[in-house]
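# Structural characterization, general
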Amino acid sequence: MQKDRQGNALSSASAPAAEKYDEAVRAFQIYTGDPVALLYAALEEAPAFTMAHILKAWLMALATEPEATAAAADILAEAKTLPMTDRERSHIHALGLVIQGNWTEAALILDRHNAAWPHDIVAIQMGHQIDFFRASARNLRDRIARVLPKWSPAIPGYGILLGMYAFGLEESGDYARAEAMGREAVDREPLDCWAHHAVAHVMEMEGRAEDGLGWMIAREDHWSGEDNFFKVHNWWHRALFHLGLGQREEALALYDARVRAGRSAIALEMLDASALLWRLHLTGLNLGSRWQELAESWDAHADGRTYPFNDWHAAMAYLGAGREREADRLAQTLRQAETDNEAARWGRQTALPLIEGFTAFWKGDHGTAVEKLHGARFIANSFGGSHAQRDIIDWTLTEAALRGGLKDMGEALAHERLAFKPHNPVNQAFLTRTKTMTAKEKAA
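All values derive from a computational prediction rather than experimental measurement. Per-chain numbering applies: the sequence of each chain, read as written, is numbered from 1 onward. Selection of residues for local features in this predicted model requires a pLDDT of at least 70, selection of side-chain atom pairs for listing and counting requires 80 or more, and totals for whole chains, interfaces and linings are taken over all residues. The side-chain quantities take in all heavy atoms of the structure and omit both hydrogens and water.

### What to know about the overall build of the protein chain
Our working rule: Only DSSP runs of H or I covering at least 4 residues are called helices, and only runs of E covering at least 2 are called strands; the numbering of each starts at the N terminus. Restricting the calculation to C-alpha atoms gives the radius of gyration, and the globule rule supplies 2.2 Å times the number of residues raised to the power 0.38. The buried label goes to any residue with under 20% of its type's maximum accessible area, the exposed label to any with over 50%, and the partly exposed label to all in between, with areas taken from a 1.4 Å probe on protein chains only. Residue contacts follow a heavy-atom distance rule, with two residues in contact if any of their heavy atoms lie within 4.5 Å. Throughout, the Shrake-Rupley method with a 1.4 Å probe supplies accessible areas, and for residues the shown protein chains are the sole cover considered. Charge assignment in this entry is limited to Lys and Arg as positive and Asp and Glu as negative, and neither His nor the chain termini are counted. For this purpose, a charge sits on NZ of Lys, CZ of Arg, CG of Asp or CD of Glu.
Helix and strand content of the protein chain: 25 helices and two strands. Taken over the C-alpha trace, the protein chain has a radius of gyration of 22 Å; the compact-globule value for 444 residues is 22 Å, and the two agree within 12%. With respect to the principal axes defined by its C-alpha atoms, the protein chain has extents near 80 × 45 × 35 Å. Each of the 444 residues in the protein chain was classed as buried or not, and the buried ones make up 61%. Expressed as a percentage of contacts within the protein chain between residues at least 6 apart in sequence, the contacts between residues at least 24 apart total 64%. Surface accessibility of the protein chain: about 17100 Å² in total, with carbon and sulfur atoms responsible for 51%. Placing the 47 positive and 60 negative side-chain charges of the protein chain at their respective mean positions leaves the two points 4 Å apart.

### Considerations on the nonpolar core
Definition in use: In this text, buried Ala, Val, Leu, Ile, Met, Phe, Trp, Tyr and Cys residues form a nonpolar core when linked through side-chain atoms within 4.5 Å.
One finds F49, W58 and W312 to be the most contacted residues of the largest nonpolar core, which totals 156 residues. Those residues in contact with F49, other than ones at most four positions away along the chain, are L10, S11, S12, A13, A17, A18, Y21, A42 and L43.

### Brief notes about unusual backbone geometry
Residues other than glycine seldom take positive phi values, yet A135 does so here, at roughly 55 degrees. Assignment of secondary structure puts A135 in the loop between α7 (121-133) and α8 (137-147). Looking at A135, the relative accessible area reads 11%, which means it is buried. Unlike most non-glycine residues, R263 shows phi in positive territory, near 50 degrees.

### A look at the environment of I160
Looking at where I160 falls in the secondary structure, it is placed in helix α9 (residues 158-171). As for I160 and R260, which are separated by 100 residues in sequence, their C-alpha atoms are 28 Å apart.

### Section: the pattern of salt bridges
In a structure, side chains of opposite charge can pair up when their charged atoms sit close to one another. So the rule is basically this: A side-chain nitrogen of Lys or Arg and a carboxyl oxygen of Asp or Glu constitute a salt bridge if their distance falls within 4 Å.
Considering all chains together, one arrives at 33 salt bridges under this definition. The closest approach of N and O atoms between E293 and R263, which form a salt bridge, is 3.8 Å. Pair noted here: E293 is in helix α17 (residues 290-298) and R263 is in the loop between α15 (248-259) and α16 (267-282), with a separation of 30 residues, a long-range link. Relative accessible area serves as the criterion here: at 19%, E293 is assigned to the buried category. On the basis of relative accessible area, R263 is assigned to the partly exposed category, the value being 47%. Residues participating in the shared-partner salt-bridge network are D111, D131, R134, R143 and R146.

### Some thoughts on the environment of L191
Among the secondary structure elements, L191 is positioned in the loop between α10 (175-188) and α11 (193-205). You can call L191 partly exposed: its relative accessible area is 34%. Residues L191 and T32, spaced 159 residues apart in sequence, show a C-alpha to C-alpha distance of 8.5 Å.

### Overview of the packing of α17 against helix α18 (residues 308-320)
The condition that has to hold: In this description, a line fitted to the C-alpha atoms serves as the axis of each element, helices being fitted only across the stretch in contact, and the angle between N-to-C directions of two axes falls anywhere from 0 to 180 degrees. Each angle gets one of four labels, with under 35 degrees taken as roughly parallel, over 145 as roughly antiparallel, 65 to 115 as roughly perpendicular, and the rest as oblique. Left-handed describes a crossing whose near helix is turned anticlockwise from the far helix through less than a right angle; right-handed describes the clockwise counterpart.
At a minimum axis distance of 8 Å, the contact between α17 and α18 shows a crossing angle of 140 degrees. The orientation of α17 relative to α18 falls into the category oblique. Viewed along their axes, α17 and α18 form a crossing whose handedness is left-handed. Across the interface between the two elements, W291, Q292, L294, A295 and W298 of α17 pack against N310, H313, A314, M316, A317, Y318 and G320 of α18.

Structure, rendered in structure tokens:
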């Protein structure tokens with residue numbers, strides 16, 4: 001039986017097919033090239049190659065798009081008919097749960113899977129992605145910590161593992177170790193843009209905008225290649241550093257030239273676009289027709305069922321484009337979900353109050369926005385994203401408090417933000433505004 005580069009058995013694989021599979025695994029690890037095309041090539045060589053089918057299904061399922069999820073279900077159904085090892089059968093089990101919208105159950109299956117097969121880097125990476133999509137900071141860190149002692153630099157993919165660990169450490173607030181681990185990871189594998197972005201996250205969370213901008217520029221050639229399918233997110237990070245330096249025009253230029261240059265229809269890239277436009281709106285920039293173009297791209301993905309974190313970002317675009325009915329439609333779909341899987345619960349409990357809060361903010365109902373967002377921010381890490389991505393909640397909440405004349409709340413929130421990022425011009429401006437509010441505004 002053929003084996004992958006880490007020594008795991010591959011059912012029904014020929015040697016040429018196994019080689020293509022390994023190339024696909026590496027392509028996904030460094031987010032470069034076309035792993036799906038490589039898997040098709042592997043399946044041409046060996047049509048019953050079980051892990052090639054499984055990996056293709058994983059890539060579809062983790063796209064968090066309705067059509068891709070349906071495609072993953074079809075691929076999974078075919079994979080179930082093929083010969084498989086216990087390891088491959090465990091993949092099938094976890095994959096089915098993700099497709100059903102039960103992300104945490106899948107993560108728990110992969111916890112046990114990783115313990116049994118600690119060199120299965122595909123299962124580790126898929127588990128890591130699931131932990132990210134459900135915003136489990138602890139498991140982003142500990143999934144890697146549990147298997148890392150079983151690895152050594154001699155095993156292919158060791159540097160990739162360090163990059164994942166760096167991100168888990170960062171999301172857990174262990175910033176010094178995260179940065180050191182991320183730097184070691186990119187030293188070992190310069191094209192590891194996930195590790196690169198882990199270091200960027202550290203600098204974002206510590207308010208080191210100048211360091212962060214320097215990091216992005218110095219290593220740009222390693223993460224911004226034409227065939228890199230994670231580059232939009234890293235351009236988003238660079239834009240955040242510009243905002244952290246008060247350079248909103250530079251951030252807007254990156255939106256036009258990099259984040260939305262290709263008018264991507266990929267949900268995860270549109271998410272970055274919505275998040276950046278909303279922040280730019282909060283700074284007072286006139287965004288013209290940008291909202292309309294983005295909102296139209298969201299129409300194919302915002303179903304209120306697949307991944308509520310996406311629906312919330314789609315709602316931002318709908319509000320910006322003046323399509324409030326679409327934002328209301330999403331809220332109603334989340335409110336009346338017919339299924340009771342985990343994704344539906346995320347929608348009702350977390351995405352719904354966020355969409356309601358952002359809608360209230362857009363309509364100028366700042367008191368309602370504060371009420372919705374103040375509560376939602378404490379549970380927002382239950383349904384996906386990173387701390388940096390979810391910061392948009394607190395930024396909008398603080399802005400709503402100030403626009404609504406809630407001086408005491410606005411001042412308290414400004415102090416909260418300044419405690420972590422004392423030099424951030426947006427946070428400084430929040431506090432300045434509270435000092436200039438009149439007694440009449442405070443009472444409003």
